[in-house]
Amino acid sequence: MSILDIKMVAIDIDGTLVNDHKQIGEKTKAAIKQARKQGVYVVLCTGRPLSGVKDYLEELDLVGEDDYAITFNGAKAQVTGTGEAIFENLLAPEQVARLDQVSHELQIRGQIVMPNSEVITTFKNISPYTVLDAFYTKMPLYYCEPEEIATHSAAAKYMWVDEPEVIAAKTKDLDPEVIADKYTVLSAPWFFEIMHPKAHKGAAVLELGKHLGLTKEQIMVLGDENNDLTMFELAGFGVAMGNANDQIKDLASAVTTDNNHDGVGVALEKYVL
């Protein structure tokens, strides 16, 4: 594939765009800005809400009315300059209520992430991972009674948020009915995410690309972990970070340097600029 074919680059954040200190390297920053000047769409693709990536978007000058981000792991795509939703793939209120009921039955703490960037939990002993998630992504955190959940609007995702050993034990023999017709991913040992079947990064990248008039062959993706797998399965050209897991590297068209050595910038210079 000619490098001139690439019109959109979708980039994961943690372990990809940023280094281990959560900073964007200078080579990566310069390459992204140059790619955007050349008319290439640069799309941050993340499990976070828009509020959780605002600082990075501003740092990269990706806050115009023709700039986009994929948020909530693919449940939503938005115009970064206005917040306008291009599409949403959400869990219905009754699905969320059922998942929350199962959480209490299994005694595994959960949280609901709303498309307006709020986090809701019905567990009085709030998981410390819920508190950290809300803090780092700048999402307001609320408690409500379990019976109130069905009265809320559709959700971006339901998450089991507990100690890694708890999540591992509770999901090992999980009744398939609980997650039937849903997309699930263990995005971290303490985060098990449950979403609409189309709410994953791969489907979202293709859907946004279609909105922009692009084919999958014109889309390059970069990532490192399991919640990036669908991007590599569906997009035209996947570049694995040097620090990516083996599954990502096996699916990738190419491997770049790691996130501490401007892997994104190196890949952009080689395949786009």
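Note that this is a predicted model, so its numbers are computed, not measured.

S.K.: Describe the sheet that holds strand β4 (residues 76-79), and please don't skip the residues or the numbers.
M.R.: The 8 strands lie next to each other as β5-β4-β3-β2-β1-β12-β13-β14, forming an open sheet whose pairing is mixed. A single partner strand is all that each edge strand has here, and the edge strands are β5 (85-88) and β14 (254-255). As defined by bridge partners, strand β2 (residues 41-45) adjoins strand β3 (residues 68-71) across 2 bridges and the pair is classed as parallel. Residue pairing in the sheet places L44 in a bridge with A69 of β3.

S.K.: Summarise unusual backbone geometry; cite the residues concerned and give the values.
M.R.: Its identity is not glycine, yet Q107 carries a phi of approximately 60 degrees, on the positive side. Turning to its location among the elements, Q107 is positioned in the loop between α4 (93-106) and β6 (110-113). If you check the backbone angles, D262 has positive phi at about 55 degrees while not being a glycine. As for its placement among the helices and strands, D262 is situated in the loop between β14 and α10 (263-271).

S.K.: Tell me about helix α7 (residues 201-211), and name the residues and values.
M.R.: Two residues of an α-helix separated by three or four positions point the same way, owing to the 3.6 residues in each turn. Within α7 the residues assigned to the buried category are K201, G202, A203, A204, V205, L208 and G209. Where α7 is buried, its residues contact β1 (8-11), β2, β3, β5, β12 (219-223) and α8 (229-234).

S.K.: Now, about the pattern of salt bridges: what can you tell me, with residues and values included?
M.R.: Applying the stated criterion across every chain, the model contains 17 salt bridges. Between K29 and E26 there is a salt bridge, and its shortest N-O distance comes to 3.4 Å. Remark: E26 and K29 occur in helix α2 (residues 26-37); sequence separation between them is 3 residues, near one turn of the helix. Under the relative-accessibility criterion, K29 is labelled buried at 15%. A relative accessible area of 57% places E26 in the exposed class. One continuous salt-bridge network, built from bridges that share partners, spans D12, K201 and D228.

Thresholds applied
- Residues numbered from 1 in each chain as written.
- Predicted model: local features only at pLDDT ≥ 70, side-chain atom pairs only at ≥ 80, totals over all residues.
- Heavy atoms only, no water.
- Pairing = 2+ DSSP bridges.
- Helix = DSSP H or I, 4+ residues; strand = E, 2+ residues; numbered from the N terminus.
- Buried < 20%, exposed > 50% of the residue type's maximum accessible area, 1.4 Å probe, protein only.
- Contact = heavy atoms within 4.5 Å.
- Salt bridge = Lys/Arg side-chain N within 4 Å of Asp/Glu carboxyl O.

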